[in-house]
Amino acid sequence: MNIEVKRPQVSTSSAIYPSLQGKRVVITGGGSGIGAGIVAGFARQGAEVIFLDVADEDSKALAAQLAGSSIAPVYIRCDLTDLDAVAKTFADIGPIDVLVNNAGNDDRHKLAQVTPAYWDERINVNLRHMLFCTQAVAPGMKARGGGAIINFGSISWHLGLEDLVLYETAKAGIEGMTRALARELGPDDIRVTCVVPGNVKTKRQEKWYTPEGEAEIVKAQALKGRLVPDHVASLVMFLASDDASLCTGHEYWIDAGWR
């Protein structure tokens, strides 16, 4: 099948939000892929960026690449499935203004392969930490007069993609959790939103999609460009900024019209 895939078009003059300058931002899973694009996006805004990951090589390389930013991003190794480590890490970081709950893992699996232990591990990797990271930062955000929490969902469960039942279960839960937390934290002027990406071209996704598979995705999209991390980061910048001061409790899609 011969489907033309347009080259990614990412503006070199993306919006700068004055309200993000100097903000303290934590990004989970920030060492590579979409997370790395978000780290770089906040660094361009002049924010104080701290990113958490367990992928040391990628994370250290990213920190070195962005070391010349007006405020150099800081990498902290943190296993988000270890809730004691999560609590200690956020206590050490102190109060923040923005939390991006990006970390997740979309390893494929069949229903017959799921065991109770694998269920627990996948939910811990993809859902549980988002609640406890939010719990850790909410008091500090309240003390600072408000904040923004941006969770990451996925188009996968909306499409019912194969071999992802636990990932899709977690991602569906994230959208419900977002709405519940928006209500609970709204009186403290803490906004909680959810970004729902389509298929974003990253190094990791090369494991799952052949060029022919990518062409099928683009064919299904209304817009024929290929999503890359910078596209997603641009949406996150808006949702974190004061320009989105009354945006909360909802999902915001960036899928080129796939669904």
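### A closer look at the environment of L166
For step 1, the next point in the chain: Residue position: L166 is located in helix 6 (residues 165-185).
For step 2, the next point in the chain: Residue L166 is classed as buried on the basis of its relative accessible area, which comes to 3%.
For step 3, the next point in the chain: Excluding its chain neighbours within four sequence positions, the residues that come into contact with L166 are H109, V114, Y118, W119, R122 and I123.

### Looking at the pattern of salt bridges
Pairs may arise between side chains of opposite charge once their charged atoms sit close together.
For step 1, the next point in the chain: For the coordinates displayed, the defined rule picks out 13 salt bridges.
For step 2, the next point in the chain: Across the pair R24 and E48 runs a salt bridge, and its minimum N-O distance is 3.3 Å. On the criterion of sequence distance, the pair formed by R24 in strand 1 (residues 24-28) and E48 in strand 2 (residues 48-53) is long-range, its members being 24 residues apart.
For step 3, the next point in the chain: Take E48: its relative accessible area is 27%, and that puts it in the partly exposed class.
For step 4, the next point in the chain: Taking the shortest distance from any N to any O, the salt bridge between D106 and R204 comes out at 2.9 Å.

### Considering the sheet that holds strand 6 (residues 190-197)
For step 1, the next point in the chain: Strand order in the open sheet formed by seven strands is 3-2-1-4-5-6-7, and the pairing between neighbours is parallel. Each edge of the open sheet is held by one strand with a lone partner, namely strand 3 (74-77) and strand 7 (251-254). For this sheet, the mean angle separating the axes of adjacent strands, direction not counted, is 20°.
For step 2, the next point in the chain: Running over the sheet, helix 3 (residues 83-93) touches strand 1, strand 2, strand 3 and strand 4 (98-101) and is turned about 165° from strand 2.

### Section: the confidence of the model for the protein
For step 1, the next point in the chain: Chain-level pLDDT for the protein is 94 on average; 95% of the residues reach the 70-or-more range.
For step 2, the next point in the chain: Here residues 1-12 is modelled with pLDDT under 50, and outside its nearest four sequence neighbours on either side it reaches 18 contacts, counting other chains as well.

### So, the packing of helix 3 against helix 4 (residues 116-143)
For step 1, the next point in the chain: At a minimum axis distance of 10 Å, the contact between helix 3 and helix 4 shows a crossing angle of 30°. Accordingly, the angle class assigned to the pair helix 3 and helix 4 is roughly parallel. Where helix 3 crosses over helix 4, the handedness of that crossing is right-handed. Of the residues in helix 4, those in contact with L83, V86 and F90 of helix 3 are R128, F132, C133, A136 and V137.
For step 2, the next point in the chain: Looking at side-chain class alone, the contact of helix 3 with helix 4 contains seven nonpolar, no polar and one charged residues.

Conventions used here
Residues numbered from 1 in each chain as written. Predicted model: local features only at pLDDT ≥ 70, side-chain atom pairs only at ≥ 80, totals over all residues. Heavy atoms only, no water. Helix = DSSP H or I, 4+ residues; strand = E, 2+ residues; numbered from the N terminus. Buried < 20%, exposed > 50% of the residue type's maximum accessible area, 1.4 Å probe, protein only. Contact = heavy atoms within 4.5 Å. Salt bridge = Lys/Arg side-chain N within 4 Å of Asp/Glu carboxyl O. Pairing = 2+ DSSP bridges. Axes fitted to C-alpha atoms, helices over the stretch in contact; angles between N-to-C directions. pLDDT = per-residue confidence, 0-100. Parallel < 35°, antiparallel > 145°, perpendicular 65-115°, else oblique. Left-handed = near helix turned anticlockwise from the far one by under 90°. Nonpolar A, V, L, I, M, F, W, Y, C, P; charged D, E, K, R; others polar.

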